[in-house]
Amino acid sequence: MSSFKRLPTILLGLICLTPISSLAAESGTGPSTLAVGETLEDFFTAAIDFSPRLRIAEENMNIGGAREQQARGQLLPQVNANAGVSDNRQRAPDFFGNPSLTEFDGERYSVTLSQALFDWQAWSAKKRASHIENQLESQFFYELALLLADVSDRYLSVLQAQDALISVASEMDAVANQLAQIQSLFDVQQAQITDLRQAEASLAAVEANQLKLQAELAIAQESLRTITGIEVGDIYVLDPEISLPDAENNIQYWVQMARENNQQIKASRYALDAAEEFIAESKGASMPRVTLIAQRQNSNLGFQNALIDETETTYVGVDISIPIFSGGTNRARISEARSQQNIAENELRQIELEANAQVRSAYLQVQSSKLLTEAAERLVESTQISSEAMQRGFELGTVTNVDVLNALRDQYQAERDLQSARYSHIKFLLLLKREAGVLSADDILEVSSWLVDPETQSN
């Protein structure tokens, strides 16, 4: 395929990555100078240049293109030039039978052109190399889509850990206020020691949870840095007012899209085509080869380098080579090729089954996360109302301190569950599009449009 010969930037543009690179260039935050990332585009641009897996896939694609060119070259005219200069001494009896020594310089120059007229093995090798080139290109694009989805997943994991940490900090303030209120009541002997100890235990539990979430945030940031090579700065956060989209169409639509567009499936199909061509190539070793040969030669040397008058010889002919017996090598090669074809067929079937299962799972998870998000939104509202009611009831003496602390715990846990559901929905949506083979920069830029500058949000 011709696309492999283009520059990597053009290759990335084939799946609409050019907008991401352009945004980074316009902002002056290219991967070579960027030390800290803030936007989603920053991390994508850095990951594309940083990823060893992507570089390996790209070089494999380049190798596939080079091998296809090599195989094609065997079918094109071959031109060879030869030159030979020699210092010769010849001893031979003269006319009278006396020994005679002749010294002379010998020269021989030739140009030979050969063109394959019929070579089934070389032709099949060229077609097989073309299929392998397409296979490696599909694998490159799959690695690229995999990288984009992975960066998105890790970026969202950092956001989720940040939001959870903010939520637990608010919970700590609320529990601390409740503890201070109980302490003041205990000081005037209007609260029992058990209430005070319960509030202190609740605050300690929140503090422990905060430490755990701080560790999770550090791990998430390190995971994002590992795949992109840049540090995590004040990254853009998910706008809480954004309404997340659903997965359009039904599950059968996405299964069909995966069957047509999944890059792994495409790569496996090309591998099967290459295996079938290998059978034809192996059979071609037993077929005749017909080659056109044209030669022009200038020489003053004859048989056994004997000195002759300088001659010019032009030769045009057809060479026919017919293999008769190769010791069973060709038959064994055909047997090997058939086994490789069977392996390729089963690998294709396995990948199709796995892609089908992954698409179905991702689709159901998108639908589930959407429902969970809606349920979590209602739960947040109800727990907030319940917490406010419990606080008011505690002030009036109608509910206990335990009821208030439980209500606070439920309120903030519901907030974190809502955040988790929203992030999971985005991750599953990107996973669905990746496995369906339709993930593009438009989808990534859409996710980026849902993120806002944290300073703008705070204002």
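Keep in mind that what you see is a predicted model, and the values were worked out from it rather than measured.

Colleague: Teacher, can you tell me more about a negative patch on the surface here?
Modeller: Side chains of D87, D105, E107 and E310 sit close together on the surface and give a patch of like negative charge. Residue position: D105 is located in strand β3 (residues 99-118). The class of D105 is exposed, set by a relative accessible area of 52%.

Colleague: I tried to follow the confidence of the model for the protein on my own but got confused; where do I start?
Modeller: Atom-level detail of predicted coordinates should not be read off regions where pLDDT is low. On average, the protein scores 86 in pLDDT, and the residues at 70 or more come to 92%. Confidence drops under pLDDT 50 across residues 1-33; counting only partners more than four residues distant or on other chains, this segment forms 57 contacts.

Colleague: Can you walk me through the pattern of salt bridges in this structure?
Modeller: A pair can form between side chains of opposite charge whenever their charged atoms are brought close. One pass over the structure, following the stated rule, counts 19 salt bridges. Put simply, E58 and R55 hold a salt bridge, and the shortest N to O gap is 2.8 Å. With E58 and R55 both in helix α4 (residues 52-73), this residue pair falls 3 residues apart, about one helical turn. Taking the shortest distance from any N to any O, the salt bridge between R72 and E68 comes out at 2.6 Å. Of this pair, R72 and E68 both sit in helix α4, 4 residues apart, roughly one helical turn. Residue classification places R72 among the partly exposed positions, given a relative accessible area of 33%. Under the relative-accessibility criterion, E68 is labelled buried at 3%. One continuous salt-bridge network, built from bridges that share partners, spans E68, R72 and K126.

Colleague: What am I meant to see in the packing of helix α9 (residues 329-396) against helix α10 (residues 401-436) here?
Modeller: Between two packed helices, the angle of one axis relative to the other and the distance separating the axes together describe the packing. The N-to-C vectors of α9 and α10 enclose an angle of 160 degrees; their axes lie 7 Å apart at closest approach. Between α9 and α10, the crossing angle belongs to the class labelled roughly antiparallel. Note on packing geometry: the crossing formed by α9 with α10 is left-handed. Of the residues that constitute the contact of α9 with α10, the class distribution is 21 nonpolar, 13 polar and 8 charged.

Definitions and cut-offs
Residues numbered from 1 in each chain as written. Predicted model: local features only at pLDDT ≥ 70, side-chain atom pairs only at ≥ 80, totals over all residues. Heavy atoms only, no water. Patch = residues over 30% accessible without salt bridge, like charges linked within 9 Å, V, L, I, M, F, W, Y side chains within 5 Å. Areas by Shrake-Rupley, 256 points an atom, 1.4 Å probe, with all protein chains shown as cover. Salt bridge = Lys/Arg side-chain N within 4 Å of Asp/Glu carboxyl O. Lys, Arg positive; Asp, Glu negative; His and termini not counted. Charge placed at Lys NZ, Arg CZ, Asp CG, Glu CD. Helix = DSSP H or I, 4+ residues; strand = E, 2+ residues; numbered from the N terminus. Buried < 20%, exposed > 50% of the residue type's maximum accessible area, 1.4 Å probe, protein only. pLDDT = per-residue confidence, 0-100. Contact = heavy atoms within 4.5 Å. Axes fitted to C-alpha atoms, helices over the stretch in contact; angles between N-to-C directions. Parallel < 35°, antiparallel > 145°, perpendicular 65-115°, else oblique. Left-handed = near helix turned anticlockwise from the far one by under 90°. Nonpolar A, V, L, I, M, F, W, Y, C, P; charged D, E, K, R; others polar.

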